[in-house]
Structures are given as structure tokens and as C-alpha cells.
Amino acid sequence: MWYTIIFVVIVAILLKNIFTEVKTASVQSADTPEVVEEGKFTPKTLAKYNGKDDKRIFIAVKGRVFDVTAGAAFYGPGGPYENFSGRDASRGLAKNSFELDCLTPLDKPIDTLSDLTKEEVESLENWEEHFENKYRVVGVLENEQPDEKI
Ligand code: HEM
């Protein structure tokens, strides 16, 4: 008899703990910014995800957009690779350079990367793998359509 009562009490406590955790988690997710569904970005619409205009940080690598917010120490304001945030980082990753001249101006078509050397292509592929293993893809980078231009 006592064993049954103790067993029921333990189960009740465990269930209460589980439900409290679920509730806390849902409150937290309500506070976080809206989730960006997999989507299409142009160089200009990607630009705001730079950790300043929007707290999230996205970067594009070979046409795919990664959410690198978890790496804010690298890409956030004041970080060593902040130039990449909100931008297509492909050329910089290929050439191992975070200099501004590796970034395509926002009003120019997406870099085709057609002039990269074999070594640079390999370097870019290695970085791509790094991002795939570490971050979530949130969309693709596409050129702005002529009718989207202001
Ligand atoms: C000045 C020489 C550099 C030093 C000392 C350095 C140092 C580092 C260190 C310590 C990490 C962290 C590695 C880890 O534990 O995950 C890192 C990551 C990284 N570095 Fe560098 N780095 C240098 C140059 C560069 C350059 C020129 C680039 C340009 C492409 C670059 C791009 C990156 C990227 C993309 C990451 C990955 C960050 C992430 O995981 O999101 N680094 N670097």
C-alpha cells in the first residue's frame, strides 16, 4: 500500500516538472524574434541581418543563406568577421580574406565566382562544409528581379 502511494507521488512530481519545463520553453520562444522560414533573399534583403538592424546574423555561402547568430562573437558588431554579416561571404571565404573588396556591392549581381583558382574553390568548399555542420540553412540567395528595383 505505502509503496503504491510513494510511487504515485513520485510520478506526480515528475509529471509536474515536465509540464513546467514545457511551459517555460514556450514562454521563451514567444519572446524570441519571429522565426525566418526557409526563404529567398536578395543581396539587399539579406543585408539587414547583420546583428545591428536585426539581431539575427545571416551570411550567404555559395547561394545558401546560413543563420550564424550563434557565432555572433565572430560575425557580430566588433567581431573579427563582421564584414561578412548580412552579406555573401563566398569570395572572402575562398580567398581567406575578410577585406571589404571581397564583398560584392549590394546593387550588383551575385558574384559568379567563375575566376576562382582550384585552391580557392577547395577553400570555399571546406568553409561550406564547416557552415553546414555548424549552422542552419534559412534560405537561398538570388538576384533581385528587375521589377523589385525601386
Ligand atoms: C589573422 C589570422 C586569423 C586568426 C588568428 C584566426 C583565428 C580564428 C579562430 C581562433 C577561429 C575559431 C576556430 C574555432 O574554434 O571554431 C576562427 C574561425 C574562423 N575564421 Fe579565422 N582567423 C584568422 C584569419 C581568418 C581569415 C583571413 C578569415 C577569412 C575568411 C577567417 C575566417 C574565419 C571563419 C569563417 C571562422 C569560423 C567562424 C564560425 O565557426 O562561424 N579567419 N578563426
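Residues numbered from 1 in each chain as written. Predicted model: local features only at pLDDT ≥ 70, side-chain atom pairs only at ≥ 80, totals over all residues. Heavy atoms only, no water.

- The name given to the protein chain in an unreviewed UniProt entry is Piso0_002364 protein, and the organism recorded there is Pichia sorbitophila.
- UniProt's Subcellular location (unreviewed entry) comment on the protein chain is quoted here verbatim: "Endoplasmic reticulum".
- Quoted verbatim from the Sequence similarities (unreviewed entry) heading of the UniProt record, the comment on the protein chain is "Belongs to the cytochrome b5 family. MAPR subfamily." (UniProt positions renumbered as here; feature names shortened; annotations may be inferred.)

## Side note on the coordination of the iron atom of the ligand
Next up, step 1: Just one protein atom coordinates the iron atom of the ligand, and that atom is Y81 (OH), at 1.8 Å.
Next up, step 2: Secondary-structure assignment places Y81 in the loop between α3 (72-75) and α4 (90-95). (Donors = N, O, S within 2.8 Å, 3.2 Å for Na, K, Ca; no water. Helix = DSSP H or I, 4+ residues; strand = E, 2+ residues; numbered from the N terminus.)

## Comments concerning the packing of aromatic side chains
Next up, step 1: Considering all chains together, one arrives at 11 aromatic pairs under this definition.
Next up, step 2: Ring centres of Y75 and F131 lie 6.4 Å apart, and the angle between their planes is 45°; on these two criteria the pair is classed as tilted. With Y75 in helix α3 and F131 in helix α5 (residues 118-134), this pair connects stretches of sequence that are 56 residues apart. Here Y75 and F131 have matching classes, each one buried.
Next up, step 3: Here the aromatic residues F66, F74, Y75, Y81, F98, W127, F131 and Y135 are joined through ring pairs into a cluster of three or more. (Phe/Tyr/Trp six-rings, centres within 6.5 Å; stacked < 30°, edge-to-face > 60°. Buried < 20%, exposed > 50% of the residue type's maximum accessible area, 1.4 Å probe, protein only.)

## A short note on the pattern of salt bridges
Next up, step 1: Enumeration according to the criterion identifies 10 salt bridges in this entry.
Next up, step 2: A salt bridge links D54 to R56; its shortest N-O distance comes to 2.8 Å.
Next up, step 3: For D54, a relative accessible area of 12% corresponds to the buried category.
Next up, step 4: Among the ionic pairs, R91 bridges to D115, the shortest N-O distance being 2.7 Å. A residue pair is termed long-range when its members are at least 10 positions apart, and R91 in helix α4 and D115 in the loop between α4 and α5 qualify at 24 residues.
Next up, step 5: The exposure class assigned to R91 is buried, which follows from its relative accessible area of 15%.
Next up, step 6: A cluster of three or more residues bridged by salt bridges with shared partners is formed by K62, R64, E128 and E132. (Salt bridge = Lys/Arg side-chain N within 4 Å of Asp/Glu carboxyl O.)

## Describing unusual backbone geometry
Next up, step 1: For K62, which is not glycine, the phi dihedral falls at a positive 45°.
Next up, step 2: For K62, the position within the fold is in the loop between β2 (58-61) and β3 (64-67).
Next up, step 3: With relative accessibility at 37%, the residue K62 sits in the partly exposed group.

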